[in-house]
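An overview of the molecular structure
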Amino acid sequence: MFESLKKKFSGTIGKLSDKLSSEEEAGENRQEEVPGETKETTETFEKLEKIEEPSAEKKELETEEPLVEEKESETGVKGRLSGIFSREKKEEKVEEKPAETHDEPEEVAEEKSGMFSFVTKKTISEKDIDDILFELEMSLMESDVAMEVAEKIINSVKEDLVGRKIRRRSDVAEFTRDALKKAISEILGVETKDLKEMADKARKSGEPLKIMFVGINGTGKTTTIAKVATYFINDGYTPVIAAADTFRAGAIEQISHHAENIGVKIIKHKKGADPAAVAYDAVEHAKAKGKEIVLIDTAGRMQTNVNLMDEMKKIKRVVKPDLIIYVGDSLTGNDAVEQASKFDEAVGVDGIVLTKADADAKGGAALSIGYVINKPILFLGVGQSYEDIMEFKPEWMVDQLV
Ligand SMILES: Nc1nc2c(ncn2[C@@H]2O[C@H](COP(=O)(O)OP(=O)(O)OP(=O)(O)O)[C@@H](O)[C@H]2O)c(=O)[nH]1
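Residues numbered from 1 in each chain as written. Predicted model: local features only at pLDDT ≥ 70, side-chain atom pairs only at ≥ 80, totals over all residues. Heavy atoms only, no water.

**Quick word on the UniProt feature "domain: SRP54-type proteins GTP-binding" (unreviewed entry) in the protein chain**
In this numbering, the UniProt entry assigns the feature "domain: SRP54-type proteins GTP-binding" (unreviewed entry) to residues 376-389. Measuring from the first to the last C-alpha atom of residues 376-389 gives 16 Å, for a span that is 0% helix and 43% strand. (UniProt positions renumbered as here; feature names shortened; annotations may be inferred. Helix = DSSP H or I, 4+ residues; strand = E, 2+ residues; numbered from the N terminus.)

Structure (structure tokens):
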């Protein structure tokens, strides 16, 4: 699942590590190659260390003023040198947010002197990472990640990385991984709905929880309804299904077949009947029989078909569903995102089920859809059996990808 995205993110981590580490090594080698300067630097450095070592005052200073910020404490010897030359400067440096070190007068002075750059570690600049992040942005879009999502990820990673200091090669990988995880968490951080909690409330109130499923033909909507029914049955609830797709030939038979397989009551009328009437009857049945969940199938239709969209709005008016769930095929990538937006505009979507995630190597729709329509993914379809449905957890997705 999502192998392509996974590869792209780990590729970026590797490329940044290689680039920044080799630049740093080259920088260090250049310093060591300058004749005379290295020796002089080392001698000065040793002298300073000697002066510094026995200083009780210095030790006290260090105890009193720990360098709390990682970006500052990592300077090591540089910190000790600056402690000797400028106590005041050191006090200023204990701050919460890492500074953009390119702009720091101290850093500039160090670079000019040459002596200090011997111990200065590389600070990541925008120029260092721009090309690799641009490459990532392009390849995310190739994996059907929506453009606004790809841009947001790249900007967030850039913001996190620029100004960070690298002490060792593993730092780059760690910083990049953390930055990517944070960016993806932000993308997936749409407020979600707890279906079990909603069902529990419905049970206590004596009113059934009404869920209407929308989406175009062939995405796996019928199978998904049977899976969601199974999900609730496994938790002790009794659902009823409304065969409100009275438009498409074979739809009533198809959903009846699933209902029979999982032992759920189905409410159906003849083909061509008013779908709102079927949905209404299912709700009445649930109330009469004390069933807690009503799952309403609707005709899979193109989001551009105005008449059929109006019919869906009628079901909504009549039944007043607690949740409208858009079912999309994750394999269709950007199309699934586009359809979800259209259904949201027409009837208002509360949550998403993405089917066939088990076969989806790209992962673009799963990463983008919730952010683009600002609605949570509730479930992923992960196979063809009725049990093959999993609750969607953003943390799980982040761990899958980075
Ligand atoms: N691998 C996989 N296949 C799925 C998943 N969900 C549904 N399918 C398959 O996708 C095909 C279409 O599913 P249906 O439920 O019939 O699709 P539908 O949206 O009701 O489409 P219509 O029948 O045209 O209304 C079936 O062969 C399902 O078994 C899933 O999560 N993973």
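**Digging into the site of the ligand**
In the vicinity of the ligand, 17 residues are found, and the nearest of them are Gly218, Lys221, Thr222, Thr223 and Gln254. Separating an oxygen atom of the ligand from a side-chain N or O atom of Arg248 is a distance of 3.0 Å. In the model, an oxygen atom of the ligand is placed 3.2 Å from a nitrogen or oxygen of the Gly381 main chain. Across the complex, the protein chains shield 80% of the 650 Å² of accessible surface that the ligand would expose by itself. Element by element, the count of residues in the shell around the ligand is highest for helix H12 (residues 221-233), at 4 residues. For the shell around the ligand, a count of residues per class yields 1 nonpolar, 11 polar and 5 charged. (Near = heavy atom within 4 Å. Polar contact = N/O pair within 3.5 Å; in protein donor to acceptor, adjacent residues only side chain to side chain. Areas by Shrake-Rupley, 256 points an atom, 1.4 Å probe, with all protein chains shown as cover. Nonpolar A, V, L, I, M, F, W, Y, C, P; charged D, E, K, R; others polar.)

**Things to note about the nonpolar core**
Counting residues in each nonpolar core, the largest one holds 73 residues, and the members touching the most others are Phe9, Ile153 and Leu367. Take this core: its biggest share by element is 9 residues, from helix H10 (residues 169-188). The residues that make up this core include at least three from each of domain 2 (126-188) and domain 3 (195-393). Beyond its immediate stretch of four places on either side in the chain, Leu367 contacts Leu5, Phe9, Val145, Val149, Ile153, Ile184, Ile187, Leu188, Met397 and Leu401. (Core = buried A, V, L, I, M, F, W, Y, C linked by side-chain atoms within 4.5 Å. Buried < 20%, exposed > 50% of the residue type's maximum accessible area, 1.4 Å probe, protein only. Domains from an automatic or database assignment. Contact = heavy atoms within 4.5 Å.)

**Here we look at the layout of surface pockets**
To find leftover empty space, one rolls a probe the size of a water molecule over the atoms. Its volume calculated, the second largest pocket comes out at about 280 Å³. Contributing to the lining of the second largest pocket are 22 residues, with Thr192, Lys193, Ile377, Leu378 and Phe392 lying nearest its centre. Counting only elements with at least two residues in the lining of the second largest pocket, the list comes to H10, helix H11 (195-205), helix H17 (364-373) and strand E9 (377-381). Residue classes in the lining of the second largest pocket are distributed as 14 nonpolar, 2 polar and 6 charged. (1 Å grid on protein atoms, 1.4 Å probe; cavity = no way out; pocket = protein on both sides within 12 Å on 5 of 7 lines; lining within 4 Å. Points joined across faces, edges and corners; volume = space filled by probe spheres on them.)

**Side note on the packing of helix H14 (residues 275-289) against helix H15 (residues 306-319)**
Running from N to C, H14 and H15 cross one another at 30°; their axes reach a closest spacing of 8 Å. Relative to H15, the element H14 lies roughly parallel. The chirality of how H14 crosses H15 is right-handed. Taken together, the residues of H15 that come into contact with H14 (itself represented by Pro275, Ala276, Ala279, Tyr280 and Val283) are Glu311, Lys314, Ile315, Val318 and Val319. Class assignment of the residues belonging to the contact of H14 with H15 gives a composition of 8 nonpolar, no polar and 2 charged. (Axes fitted to C-alpha atoms, helices over the stretch in contact; angles between N-to-C directions. Parallel < 35°, antiparallel > 145°, perpendicular 65-115°, else oblique. Left-handed = near helix turned anticlockwise from the far one by under 90°.)

**So, the packing of aromatic side chains**
Across all of its chains, the model carries 5 aromatic pairs by this definition. Ring geometry for Tyr231 against Phe232: centres 5.3 Å apart, planes inclined by 75°, an arrangement best described as edge-to-face. Summarising the burial analysis for this pair, Tyr231 and Phe232 share the class buried. With a relative accessible area of 12%, Tyr231 lands in the buried category. Among the aromatic side chains, those forming a connected cluster through ring pairs are Tyr231, Phe232, Tyr237 and Phe379. (Phe/Tyr/Trp six-rings, centres within 6.5 Å; stacked < 30°, edge-to-face > 60°.)

**A look at the packing of helix H9 (residues 147-161) against H17**
Close contact between H9 and H17 brings their axes to 9 Å; oriented N to C, the two are set at 100°. Between H9 and H17, the angle is such that the two are roughly perpendicular. Taking contact as the criterion, the partners of Glu148, Val149, Lys152 and Ile153 in H9 are, on H17, Leu367, Ser368, Tyr371 and Val372. Taken together, the residues of the contact of H9 with H17 sort by class into 5 nonpolar, 1 polar and 2 charged.

**Topic: the pairing of strand E6 (residues 293-298)**
Here is the key point about a regular strand: its side chains alternate between the two faces of the sheet. A large share of E6 lies buried, amounting to 6 of its 6 residues. Going residue by residue along E6, you find Ile293, Leu295 and Asp297 tucked away on one face and Val294, Ile296 and Thr298 tucked away on the opposite face as well. Strand direction decides the pairing type here: strand E3 (residues 209-214) and E6, joined by 4 bridges, are parallel. Along E6, the bridge assignment pairs Leu209 with Ile293. Note that strand E4 (residues 239-244) and E6 share 6 bridges and pair parallel. Paired with Ala244 across the strands is Thr298, a residue of E6. (Pairing = 2+ DSSP bridges.)

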